[in-house]
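# Summary of structural features
So the chains spell out like this:
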Amino acid sequence: MKSARILAPNEPLAVSESETPKPQGLQVLVKVNSVGICHSDLHLWEGGYDLGDGQFMKVTDRGVKYPVTPGHEIVGTVEEIGDGVSEVAKGDQVLIFPWIGCGECPACTVGNENLCDTPKSMGVFQDGGYSDYALIPDSKYLAKLDGVDKDAATSLACSGLTAYTAIKKANQNSPEFMVIVGAGGLGLMGVQIAKAITGAKIICVDLDDQKLDIAKGMGADFTVNSKDPETSQKIMSICNGKGADSVVDFVNAPPTAKLDFAILRKRGNLVLVGLFGGSIELSLVTIPLKSITIQGAYTGNYADMVELLDLARKGTINPVISKRYSLDEANNALEDLKARKIIGRAVINP
Ligand code: NAD
Ligand code: ZN
């Protein structure tokens, strides 16, 4: 099989050939049709996350081992099954749940493998889908597409799933106004999901007017370009001077986090999702005085991914796939994402 692999941080991905694995027991070999390119692949390529103040969290300290094949938004066709597999058969089109856990920790035992204490996520801690074949450790991580477009379905494993989890958390206080920060792959899914499952008026914030126009077309009631120095005042006035009930930050870097706290109203609910990183100073007393909730959201669980596939099948959500690359173009794909040239999601069709 042919894979585009990260050999070491910040070095070009190398395309190499290796023996195609043979599935054993519960394993399934999938022929990859399409793999989404997520901003998290860029963090993996860069070797970690910006902690602010010149500090850096290395992914190798979190258990990543290079070389690794990235790609966690994988759609493919079942090629071969191990002798213990009965739920899927050769030829089935499937979306892969990549957030594989240990199966035993408190999160895994309640079905939240995405929050496992010792994660084994595909495309991060084990080889993923920038490849023409992927070996799935257990058939229970597959979900049948049953009519959902193959390229569009990729985003339901990460960007859509993460946005779904985050919007559900942001909807816990029945918001009148919900602010969505960042209209990238995750944020545009967030806008569609918020439109579909909440009753909130949606305000979308980004630096790029073209992305904001798309957000409007997908259901954002208001858009604000945060290059505008009056961004927080503009949002406050949209929210009748009181501020936003919920803010979902798909960037989560110092400028956006500062904006989040400035526009969050009393009893507000802040959901932090992006991994752009950095650090900010917080005025501690405002947290109890405004009685705000701050929570993180990390991907989502298998059951939510199946719910999302259903929403995509009904046409309630329509993932935006704007660009397609070959496996040999993996470096260009990541460079284009870094340069903010991608609208919604790009995919690799190996
Ligand atoms: P993306 O590159 O597609 O989109 C990022 C968007 O943010 C772009 O539209 C960009 O214009 C906008 N942006 C950047 N800086 C901004 C700023 N200062 N103000 C306003 N807008 C700004 O990225 P993505 O694939 O949507 O991922 C977003 C982040 O979420 C990444 O850090 C990614 O690693 C992370 N992520 C987190 C999870 C999770 O489970 N928590 C899952 C997947 C991805
Ligand atoms: Zn992702």
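Data block above holds the structure.
Residues numbered from 1 in each chain as written. Chains lettered and ligands numbered in written order. Predicted model: local features only at pLDDT ≥ 70, side-chain atom pairs only at ≥ 80, totals over all residues. Heavy atoms only, no water.

## Notes on the packing of helix H4 (residues 159–170) against helix H5 (residues 185–197)
For clarity, the threshold we go by: To get an axis, a line is fitted to the C-alpha atoms, and for a helix only the part in contact is used. The angle between two axes follows their N-to-C directions and goes from 0 to 180 degrees. Working definition: helices are DSSP H or I runs of at least four residues, strands are E runs of at least two. Numbering for both runs from the N terminus. Angle categories: roughly parallel below 35 degrees, roughly antiparallel above 145, roughly perpendicular from 65 to 115, and oblique for all the rest. When the near helix sits turned anticlockwise from the far one by under a right angle, the crossing is termed left-handed; a clockwise turn instead gives a right-handed crossing. The contact definition used throughout considers only heavy atoms, calling two residues in contact when any of these lie within 4.5 Å.
H5 packs onto H4 with a crossing angle of 50 degrees between their chain directions and a minimal axis gap of 8 Å. When the interaxial angle is binned, H4 and H5 end up oblique. The hand of the H4/H5 crossing is right-handed. Here H4 contributes Ser159, Gly160, Thr162, Ala163, Tyr164, Ile167 and Lys168 to the contact with H5, which in turn contributes Gly185, Leu186, Met189, Gly190, Ile193, Ala194 and Ile197.

## Observations regarding the packing of aromatic side chains
Let me state the cut-off plainly: Pairing of aromatic side chains here covers Phe, Tyr and the six-membered ring of Trp, requires ring centres within 6.5 Å, and sorts the geometry by plane angle: under 30 degrees stacked, over 60 edge-to-face, intermediate tilted. Accessible area is worked out with a 1.4 Å probe on protein chains only. A residue is then buried under 20% of its type maximum, exposed over 50%, and partly exposed in between.
For the coordinates displayed, the defined rule picks out 3 aromatic pairs. Look at phenylalanine 97 and tyrosine 141: their rings are 6.5 Å apart centre to centre, the planes differ by 15 degrees, and that puts the pair in the stacked class. One end of the pair, phenylalanine 97, is in the loop between strand S7 (93–96) and helix H2 (106–109); the other, tyrosine 141, is in the loop between strand S8 (133–136) and strand S9 (142–144), with 44 residues separating them in the sequence. Like phenylalanine 97, the residue tyrosine 141 is buried in the burial classification. Where tryptophan 99 meets tyrosine 298, the ring centres are 6.0 Å apart and the plane angle is 70 degrees; that geometry is what we call edge-to-face. Of this pair, tryptophan 99 sits in the loop between S7 and H2 while tyrosine 298 sits in the loop between strand S15 (293–296) and helix H10 (302–313), and the two are 199 residues apart along the sequence. An aromatic cluster of at least three residues, connected via ring pairs, comprises Phe97, Tyr141 and Tyr302.

## Overview of the packing of helix H1 (residues 39–46) against helix H11 (residues 330–338)
Note the following rule: Here the term charged refers only to Asp, Glu, Lys and Arg, the term nonpolar to Ala, Val, Leu, Ile, Met, Phe, Trp, Tyr, Cys and Pro, and the term polar to all other amino acids, Gly among them.
Taken N-terminus to C-terminus, the directions of H1 and H11 make an angle of 105 degrees; their axes are 10 Å apart at the nearest point. Relative to H11, the element H1 is oriented roughly perpendicular. Of the residues in H11, those in contact with His39, Asp41, Leu42, Trp45 and Glu46 of H1 are Asn331, Leu334, Glu335, Leu337 and Lys338. The residue makeup of the contact of H1 with H11, split by class, is 4 nonpolar, 2 polar and 4 charged.

## Considerations on the site of ligand 1
Formally: Neighbouring residues are identified by heavy atoms, a residue being near a molecule or strand if any of them is within 4 Å of it. We call two N or O atoms a polar contact when they sit within 3.5 Å, provided that within protein one can donate a hydrogen and the other can accept it, with sequence-adjacent residues counted only if both atoms are side-chain atoms. Note on areas: these come from Shrake-Rupley sampling with a 1.4 Å probe, and a residue is covered only by the protein chains present in the view.
Around ligand 1 sit 28 residues, and of these His39, Ser40, Leu186, Asp206 and Thr299 come closest. One of the side-chain nitrogen or oxygen atoms of histidine 43 is found 2.9 Å away from an oxygen atom of ligand 1. Contact with the protein chains hides 95% of the accessible area of ligand 1, taken as 860 Å² for the molecule alone. Looking at the shell around ligand 1, the elements that each hand over two or more residues are H1 and H5. Ranked by residues supplied to the shell around ligand 1, first place goes to H1 with 3 residues. Across the shell around ligand 1, the residue classes tally to 13 nonpolar, 11 polar and 4 charged.

## Concerning the nonpolar core
Keep this limit in mind: To form a nonpolar core, buried Ala, Val, Leu, Ile, Met, Phe, Trp, Tyr and Cys residues must be joined to one another through side-chain atoms within 4.5 Å.
Ranked by internal contacts, the top residues of the largest apolar core, which has 84 residues, are Ile37, Tyr130, Ile136, Leu142 and Val248. Formed by 18 residues, the second largest nonpolar core is a distinct cluster that contains Val179, Val205, Val247 and Leu259.

## Some remarks on the coordination of the zinc ion (ligand 2)
Here is the rule: Each metal's donors are the N, O and S atoms found within 2.8 Å of it, except that Na, K and Ca use a 3.2 Å limit; water is left out, so coordination can look incomplete.
Protein coordination at the zinc ion (ligand 2): the donors are Cys38 (SG), His72 (NE2) and Cys158 (SG), at 2.0 to 2.2 Å from the metal. Read from N- to C-terminus, the donor residues coordinating the zinc ion (ligand 2) fall into the pattern C-x33-H-x85-C. Taken together, the residues cysteine 38 in the loop between strand S3 (28–36) and H1 and histidine 72 in the loop between strand S5 (55–58) and strand S6 (73–81) connect sequence positions 34 residues apart. Side by side, cysteine 38 and histidine 72 carry an identical accessibility label, which is buried.

## Considering the sheet that holds strand S14 (residues 264–272)
Rules: Pairing between strands is defined by DSSP: at least two bridges between them are needed.
Taken together, 6 strands build an open sheet; the order of strands is S12-S11-S10-S13-S14-S15 and the sheet is parallel. Of all strands in the sheet, those with a lone pairing partner are strand S12 (222–225) and S15, marking the two edges. Across the sheet, the mean angle from the axis of one strand to that of its neighbour is 15 degrees, orientation sign disregarded. By the bridge criterion, 4 bridges tie strand S11 (residues 201–206) to S12 in an arrangement that is parallel. Note on S12: the bridge partner recorded for isoleucine 203 is phenylalanine 222. Contacts between H4 and the sheet are confined to strand S10 (177–181), strand S13 (244–249), S14 and S15, with S14 contributing the most and set at about 165 degrees to the helix. Relative to the sheet, H5 contacts S10 and S11, its axis offset from that of S10 by approximately 165 degrees.

## Let's talk about the pairing of S5
Of the pairings in the sheet, the one linking strand S4 (residues 48–52) to S5 comprises 4 bridges and is antiparallel in character. Pairing of glycine 52 across the sheet is with glutamine 55, part of S5. Counting the residues between successive antiparallel strands, the hairpin from S4 to S5 contains 2 residues, one of them, aspartate 53, with a positive phi of roughly 50 degrees.

No statement about biological role is implied by the geometric values presented.
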